[in-house]
Amino acid sequence: RIDSGVIRIRVDIVDDNAPLLQTSVEAGSYRFFREVALTCEDSSGCADIHYTLDGSTPTTESDRYTTPLVIAQTTTLKYIAVDGSGNMTDVQSAEYIIDDMAPTVSVDSPDEGSVESQMITITGSASDDLSGISTIHLAIDDGINHVQPERSLASQPAWLTAEGTENWSLNVSQVPWADEATYTITVRATDVAGNDTISTRSFTFFAGEQAFSTLSL
């Protein structure tokens, strides 16, 4: 006779891995406030998430995360998580730049109202103290024709991308300027957060041997 029975085996699973901690909003520059949620995943369960908003290093004594955080101004968020086994994550951080201010932009050359016999480069400068300048675009037209990206003239409006940001330039040496036409340069500066601003400048193209700005008798 063979007796049958139940064999019980106890398996203890050791969790020595730190939990996975994530934010709902990536670090970066934004025009408006953001609600940032912190989430934690772990095989043994997450016990707590702790955070700071002043750039200091969080500990288990720091504020305990319970609800999404409203980030309404430029903030450095630092955070940690502890799982059910006592494993703790490394300190993680995310910087949020809240930038609702438009950048500044200006045209340095040509001068306003100048008369030009040749146009090689349009230059200017831009600045943004918070998120920084992202792109500079220009539109150039005489009221009828618009300069195209390939430097031809056509009836449809077009934006041209300048080289550089804080000190920018646009090569226009290949544009077939119309003689004695007055052109308006519209410059649009956009910062990293998405704010933009526009500046304008006008000049007249004169294909004579020498350009002039004023006429004296």
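Residues numbered from 1 in each chain as written. Predicted model: local features only at pLDDT ≥ 70, side-chain atom pairs only at ≥ 80, totals over all residues. Heavy atoms only, no water.

**Considerations on the confidence of the model for the chain**
When pLDDT is low, close inspection of the predicted coordinates is not appropriate. Applicable threshold: The pLDDT value expresses, per residue, how confident the predictor is, ranging between 0 and 100. Contact between two residues is taken to exist if any of their heavy atoms lie within 4.5 Å; hydrogens are not considered.
Of all residues in the chain, 89% have pLDDT values of 70 or greater, and the mean over the chain is 91. Counted against residues more than four places away or in other chains, residues 210-217, with its pLDDT under 50, gives 6 contacts.

**Here's the deal with the sheet that holds strand 10 (residues 104-109)**
Defined as follows: When DSSP locates at least two bridges between a pair of strands, those strands are taken to pair. Helix numbers and strand numbers start at the N terminus; a helix is a DSSP run of H or I with at least 4 residues, a strand a run of E with at least 2. Axes here mean lines fitted to C-alpha atoms, for a helix over just the part in contact, with angles spanning 0 to 180 degrees between N-to-C directions.
Pairing is antiparallel across the open sheet formed by 3 strands, whose spatial order is 10-12-17. What marks the edges here is a single partner per strand, and that holds for strand 10 and strand 17 (167-171). The sheet shows a mean angle of 25° between the axes of neighbouring strands, taken without regard to direction. As paired strands, strand 12 (residues 121-127) and strand 17 are joined by 5 bridges and run antiparallel to one another. The residue of strand 17 that forms the bridge with Ser125 is Asn167.

**Considering the packing of aromatic side chains**
We apply this condition: When the centres of two rings from Phe, Tyr and Trp lie within 6.5 Å, Trp using its six-membered ring, the rings pair. Their planes under 30 degrees apart give stacked, over 60 give edge-to-face, and anything left gives tilted. Relative accessible area decides the class of each residue, using a 1.4 Å probe on protein chains only: under 20% of the type maximum gives buried, over 50% gives exposed, and in between gives partly exposed. Only Lys NZ and Arg CZ are tested; either one counts as a charge over a ring when it is within 6 Å of the ring centre and within 35 degrees of the ring normal.
One pass over the full model with this rule turns up 4 aromatic pairs. When the ring of Trp177 is compared with that of Tyr183, the centres are 4.8 Å apart and the planes differ by 80°; the resulting orientation is edge-to-face. According to the relative accessible area criterion, Trp177 is buried, its value standing at 11%. What makes Tyr183 buried here is its relative accessible area of 0%. Three or more aromatic residues link up through ring pairs in this structure, and these residues are Trp177, Tyr183, Phe203 and Phe205. Seen from the ring of Trp159, Arg188 lies directly overhead, with NZ or CZ sitting 4.1 Å from the centre.

**Observations regarding the side chain of His146**
In this fold, His146 is placed in strand 14 (residues 146-147). The contact partners of His146, leaving out residues within four places of it in the chain, are Ile140, Asp141, Ser152, Leu153, Ala154, Ser155, Gln156, Pro157 and Ala158.

**Focus: the sheet that holds strand 2 (residues 28-30)**
Backbone-to-backbone hydrogen bonds join strands into a sheet, with any given pair of strands oriented parallel or antiparallel. Ordered by their spatial adjacency, 5 strands build an open sheet running 2-9-8-5-6, and the pairing between neighbours is mixed. Only two strands of the sheet have a single partner each, and these edge strands are strand 2 and strand 6 (63-64).

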